[in-house]
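# Architecture at a glance
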Amino acid sequence: MNSEAVSVIVLAAGKGTRMKSKTPKVLHKVAGREMLGHVLNAGFATQPEKSIVVYSHTEVLDYIQDNFTLQNTFCVEQKEQLGTAHAVIACEEELQGFEGHVLILCGDVPLLTTELVERFVTSHKSQNNDITFMTAFVDDPTGLGRVVRDDQDEEVRAIVEHKDATESERQIDEINAGIYIAKAPCLFDLLRKIGDNNAQGEFYITDIVALGLRDGLTVGTFTAENADALGGVNSRLQLANAEDLYQNALREHFMEHGVTMVDPQSVFFSYDTQVGADCELGPNVRFGPDVRLENNVFVEGDCYIADSYINDGAKIYSFSHIVGSEVGHKSKVGPFARLRPESDIGDEAKVGSFVEIKKSRLGYKTSAGHLSYIGDAIIGNEVNIGAGTVFANYDGAAKHTTHVENNVFIGSNTTIVSPVQIGAGATTAASSVITKNVDNDILVISKVSRHDKADWTRPVKREDDE
Ligand code: UD1
Ligand code: MG
């Protein structure tokens, strides 16, 4: 057994009453990711032998099973929420025989960084402490556990919860951040000795400090410089504050890496947004999860981009909404363009104003400049799609695919009734309704829609051609 190994426990079973929400507190998001996800990710910095999440809500169990089972993460149910020590005890069986260090994190501290966790664990191990906990000095310690030290303000004596603190203890501005690491064997011994004789009638993990000292263990502290990062989120106001701090950190990070933002405060990133050098982001740009912008991408103001890959040199103009799509090198999208999932815009292509694209591929230098709907289409290179073109991809029962080959010219206001194939170099005259395949290099002129599907079962009203 490797006694230097680390296992992580994340406490995530609390009621979260102060959030006033049906969603468990730890599943509220900061920068697009559940707080619990942020904390687990920070814990992974220690390369844990095991990670254990203590839960009471099935939504938390589902979240872990859907996202983290591949990362050696297990769930333990705490049936009654009798306090933070009680929550840790619930993990004892899962850690049977483990003789390394147990790192305990609270699921409501989303700003915890991998870097801070690494330094904390290193400090604990290098001092050979039995128990180490993280502290911070804050301006307003209201509600938090206070770190009580000896008369010289040196050796730690105890953590006292706000509700149990005397008036003089409440003056202490050094708080318990709720992050602990302890040698496994002594941790569980101590936890069994904790009682619930306190203001909240709960079993407090914080009592391991005084009890550990009484038993002659070495208890050390690690003081984090960046206290802002350690405020646990207990209310919606604190959630908004955490979001604000997280966003500011991302904004600074991107500006340091060569991204221009004319109004950084109005740009909102996801925790995993990637932005290349010399990108320029206008005001009110917002990113959902899983977006990557290569270098030199320009995003004008008021755009939303999620789950998308934008190649270098692309320009996204104002009021565009892009989800689940790829935009090619030096392409232009917008203003007022909508790319729905599985849209793939080729290099140097153009998607202009009021164009909606869904599950379609546009080839190199293809252009759809104005007012079009393109759905379920595979469109070749250097195709021109005139204003008002509609791909009628849905017949009320199923979606159909259209193929448009290279160098086709689709005249304005053409309706393409899928499934059809339009051959290379063909042209459709303005206002054509295309219901049949079109050969290469043909000019099609049609005036009225004809629905000649053999399997059409509903009544069809036909109008004369002229
Ligand atoms: C706790 C600490 C306090 C510290 C603060 C830092 C205790 C007694 N107090 O207070 O000293 O300053 O964190 O943010 O530990 N949880 C469970 N099961 C339970 C109770 C809580 O899993 O029975 C979980 C919660 O989901 C949460 C974490 O433990 O993630 C902390 O609980 P919370 O109620 O937020 O404690 P605080 O009052 O913030
Ligand atoms: Mg808390």
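Residues numbered from 1 in each chain as written. Chains lettered and ligands numbered in written order. Predicted model: local features only at pLDDT ≥ 70, side-chain atom pairs only at ≥ 80, totals over all residues. Heavy atoms only, no water.

## Points about the overall build of the protein
Summing up its helical and strand segments, the protein has eight helices and 38 strands in all. Relative to its length of 466 residues, the protein is extended, with a C-alpha radius of gyration of 30 Å against a globular reference of 23 Å. Taking the principal axes of its C-alpha atoms as reference, the protein extends roughly 100 × 50 × 40 Å. Per-residue burial over the protein gives 50% buried out of 466 residues. (Helix = DSSP H or I, 4+ residues; strand = E, 2+ residues; numbered from the N terminus. Rg over C-alpha atoms; globule rule 2.2 N^0.38 Å. Buried < 20%, exposed > 50% of the residue type's maximum accessible area, 1.4 Å probe, protein only.)

## What about the coordination of the magnesium ion (ligand 2)?
Here the magnesium ion (ligand 2) is held by the protein donor atoms Asp108 (OD) and Asn234 (OD1), which lie 2.3 to 2.5 Å from it. Of the two residues, Asp108 is situated in the loop between strand S6 (101-106) and helix H4 (114-126) and Asn234 in the loop between strand S11 (219-223) and helix H8 (236-256); the sequence distance between them amounts to 126 residues. Across this residue pair, the class does not change: Asp108 and Asn234 are buried. (Donors = N, O, S within 2.8 Å, 3.2 Å for Na, K, Ca; no water.)

## Looking at a nonpolar patch on the surface
Taken together, the side chains of Phe319, Phe336, Phe354 and Leu371 define a hydrophobic patch exposed on the protein surface, amounting to about 420 Å² of accessible area. Structurally, the position occupied by Phe336 is in the loop between strand S23 (332-333) and strand S24 (337-339). Classification of Phe336 as partly exposed rests on a relative accessible area of 37%. (Patch = residues over 30% accessible without salt bridge, like charges linked within 9 Å, V, L, I, M, F, W, Y side chains within 5 Å. Areas by Shrake-Rupley, 256 points an atom, 1.4 Å probe, with all protein chains shown as cover. Salt bridge = Lys/Arg side-chain N within 4 Å of Asp/Glu carboxyl O.)

## Some points on the domain arrangement of the protein
Domain parsing of the protein yields domain 1 (6-230) and domain 2 (354-466). Inter-centroid distance (C-alpha atoms) of domain 1 to domain 2 is 61 Å. (Domains from an automatic or database assignment.)

## Looking at the sheet that holds strand S19 (residues 308-310)
With respect to topology, nine strands assemble into an open sheet ordered S13-S16-S19-S22-S25-S27-S29-S32-S35, the strand pairing being parallel. Where the open sheet ends on each side, the last strands, each with one partner, are strand S13 (274-275) and strand S35 (421-422). Judged from the two bridges that link them, strand S25 (residues 344-345) and strand S27 (residues 361-362) form a sheet pairing that is parallel. Residue Asp344 lies in a different strand from S27, and its bridge partner there is Arg361. (Pairing = 2+ DSSP bridges.)

## Structural notes on the site of ligand 1
Neighbouring residues of ligand 1: 25 residues in total, closest Leu11, Gly14, Gln78, Glu161 and Asn176. A distance of 2.9 Å separates an oxygen atom of ligand 1 from a polar backbone atom of Gly83. Note that an oxygen atom of ligand 1 is positioned 3.2 Å from one of the side-chain N or O atoms of Asn234. Protein coverage of the free-state accessible area of ligand 1, which is 760 Å², stands at 91%. Secondary-structure elements contributing two or more residues to the shell around ligand 1 are strand S1 (6-12), helix H3 (84-89) and strand S10 (174-183). (Near = heavy atom within 4 Å. Polar contact = N/O pair within 3.5 Å; in protein donor to acceptor, adjacent residues only side chain to side chain.)

## Comments concerning H8
Counted at 1.5 Å a residue, the expected span for H8 with its 21 residues is 30 Å, and the 30 Å between its end C-alpha atoms agrees. Turning to H8, its buried residues are Leu239, Ala242, Tyr246, Gln247, Leu250, Arg251 and Phe254. In this fold, the buried residues of H8 make contact with strand S2 (29-30), helix H1 (35-43), strand S12 (260-261) and S13. Backbone geometry just downstream of H8 places Gly258 in the positive-phi region, at approximately 90°. (Expected span 1.5 Å × (residues − 1). Contact = heavy atoms within 4.5 Å.)

## Section: the pairing of S1
Along S1, seven of the seven residues are buried, which leaves the element largely enclosed by surrounding structure. On S1, burial covers both faces: Val6, Val8, Val10 and Ala12 on one face and Ser7, Ile9 and Leu11 on the other are all buried. Here S1 runs beside S6; their pairing, made up of six bridges, is parallel. Paired with Ile9 across the bridge in S6 is Ile104.

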